[in-house]
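Examining the three-dimensional arrangement
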Amino acid sequence: MRAVMFGVAGIVGILALAAVLLFANLPDADAFNARVERIFVENNDLTSEAEIRLLEILAASGTSFSDVLQSYRQIIFVLLVFAAALLVAALSLLVAIVILNRRMGQIERQGIQVTDLIISRQERLVLINNMEFKLTEAAIETLAALAEARMDEEFLTGAELEAVIQGRRPEDCEEAAGATRIKRLRDSLGNQMVSELLVRNIARKGYVLAINKDVIRMV
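Note that the coordinates shown come from a computational prediction; the quantities given were computed from them, not determined experimentally. Residue indices follow the written sequence of each chain, beginning from 1 at its first position. Reporting of local features is limited, given that this is a predicted model, to residues whose pLDDT is at least 70; pairs of side-chain atoms are given and counted only at 80 or more, and all residues count toward the totals for whole chains, interfaces and linings. As a convention, hydrogens and water are excluded, and side-chain values are obtained from all of the structure's heavy atoms.

**Quick word on the overall build of the chain**
Counted only if it meets this: In this text, helices come from DSSP runs of H or I with a minimum length of four residues, and strands from runs of E with a minimum of two, each type numbered from the N-terminal end. Any residue under 20% of the maximum accessible area for its type is buried, any over 50% is exposed, and the rest in between are partly exposed; the area is computed with a 1.4 Å probe on protein chains only. A contact between two residues is defined here by any heavy atoms of the two lying within 4.5 Å.
On a plain count of helices and strands, the chain comes out with seven helices and six strands. Ordering the α and β elements of the chain from the N terminus gives α-α-α-β-β-β-α-α-α-α-β-β-β. Burial analysis of the chain (219 residues in total) assigns 27% to the buried set. Across the chain, every contact between residues at least 6 apart in sequence was considered, and the portion connecting residues at least 24 apart equals 55%.

**Regarding the sheet that holds strand 3 (residues 131-134)**
Stated formally: By the convention used here, strands pair only if DSSP detects at least 2 bridges between them. Angular values range over 0 to 180 degrees, each being the angle between N-to-C directions of two axes fitted as lines to C-alpha atoms, with helices fitted over their stretch in contact.
Strand order in the open sheet formed by four strands is 3-2-1-6, and the pairing between neighbours is mixed. Two strands close off the open sheet at either side, each with one partner strand: strand 3 and strand 6 (216-218). On average, adjacent strands in this sheet sit at an angle of 15 degrees to one another, irrespective of strand direction. When strand 1 (residues 117-120) meets strand 6, the two strands line up parallel, connected through three bridges.

**A few points about unusual backbone geometry**
Generally, phi is negative for residues other than glycine and the peptide bonds are trans, each holding for most cases. If you check the backbone angles, R124 has positive phi at about 55 degrees while not being a glycine. Tracing the sequence through the fold places R124 in the loop between strand 1 and strand 2 (125-128).

**Description of the pattern of salt bridges**
Definition in use: Salt bridge criterion: a side-chain nitrogen from Lys or Arg within 4 Å of a carboxyl oxygen from Asp or Glu.
As enumerated under the stated definition, the model contains five salt bridges in all. Between R181 and E162 there is a salt bridge, with its nearest N and O atoms 2.6 Å apart. A residue pair is termed long-range when its members are at least 10 positions apart, and R181 in helix 6 (residues 175-189) and E162 in helix 5 (residues 158-166) qualify at 19 residues. For the pair formed by R181 and E162, the shared burial category is buried.

**Points about the packing of helix 4 (residues 137-151) against helix 5**
Formally: For this classification, under 35 degrees means roughly parallel, over 145 means roughly antiparallel, 65 to 115 means roughly perpendicular, and everything else is oblique. By the definition used in this description, the sense in which the near helix is turned from the far one sets the handedness, with an anticlockwise turn below a right angle giving left-handed and a clockwise turn giving right-handed. Ten residues, namely Ala, Val, Leu, Ile, Met, Phe, Trp, Tyr, Cys and Pro, are considered nonpolar, four, namely Asp, Glu, Lys and Arg, are considered charged, and the remaining ones, Gly among them, are considered polar.
The N-to-C vectors of helix 4 and helix 5 enclose an angle of 110 degrees; their axes lie 10 Å apart at closest approach. When the interaxial angle is binned, helix 4 and helix 5 end up roughly perpendicular. In terms of crossing hand, the pair formed by helix 4 and helix 5 is right-handed. Facing helix 4, whose interface residues are E141, T142, A145 and L146, helix 5 presents L161, V164 and I165. The class makeup of the residues in the contact of helix 4 with helix 5 is five nonpolar, one polar and one charged.

**Considering the packing of helix 5 against helix 6**
Interhelical geometry of helix 5 versus helix 6 gives an angle of 80 degrees and a closest axis separation of 6 Å. By the angle class used here, helix 5 and helix 6 are roughly perpendicular. Of the residues in helix 6, those touching helix 5 at G158, A159, L161, E162, I165 and Q166 are E175, A177, G178, A179, R181 and I182. Counted by class, the contact of helix 5 with helix 6 contains six nonpolar, three polar and three charged residues.

**Topic: the pairing of strand 4 (residues 199-202)**
Regular strands show a simple pattern: their side chains alternate between the two faces of the sheet. Here four bridges tie strand 4 to strand 5 (residues 206-209), and the two strands are oriented antiparallel to one another. Along strand 5, the bridge assignment pairs I202 with G206. Two successive antiparallel strands, strand 4 and strand 5, enclose a turn made up of three residues, where R204 displays a positive phi of approximately 65 degrees.

**Some words on the confidence of the model for the chain**
To be explicit about the condition: By definition, pLDDT measures how confident the predictor is in each residue, and it falls between 0 and 100.
Taken as a whole, the chain shows an average pLDDT of 78; of its residues, 76% reach a score of 70 or greater. Between the elements of the chain, mean pLDDT differs from a low of 63, seen in helix 7 (residues 192-198), to a high of 91, seen in helix 5.

**As for helix 4**
Because each turn of an α-helix spans 3.6 residues, side chains separated by three or four positions in sequence point in the same direction. Rules: Each helix should span, by expectation, one fewer than its residue count multiplied by 1.5 Å.
Under the 1.5 Å per step criterion, the end-to-end length of helix 4 is 21 Å for 15 residues, consistent within 8% with the ideal 21 Å. Residues of helix 4 that are buried include every one of A139, I140, T142, L143, A144, A145, L146, A147, A149 and R150, and no others. Positive phi shows up at E153, right after helix 4, with a value of about 55 degrees.

Pasting the structure below:
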């Protein structure tokens, strides 16, 4: 957070310095009027109507030039303020994205922080952190099998998962059948990211619920 504050302060400081240098090097708004006034003072012999008219035009031009230059100063100031706001917003957004990516990385490494998981086979309901999900009978059986394995600190391959549900030997079941059950469970839970973090597939071990076994309750 301190680095962000220093970054914002640095951006504002650089733009402020640029503004000071820019305004310091802009021509004086009254420079043209001063030159016209000098012409009036040094040329008292300009008395004809055409010459006087020319001097009046020059004086009017000087005033117009002064007004235009003043408006340019205001436009430049507004643009500098706008640029500072955009840079600060962009830096803040970048920092927010970095923080979000870090949090997502922590979630991917640690799984979902589940404080309570209740499975009701009879009602075919699962409550995850007080969020209620209505599942199909196949999905609730899959989740129950994974929960029982998690409480026993075991991993289930696709074939083992299918064997537990079907009451058969793992050798007589196919890995793809268990994988299909996992996919359907994730689809039933809805949010793909959340469900895939909840039901993890550990390489060379099998499927497991990425939660603390002490929060699981079967009713």
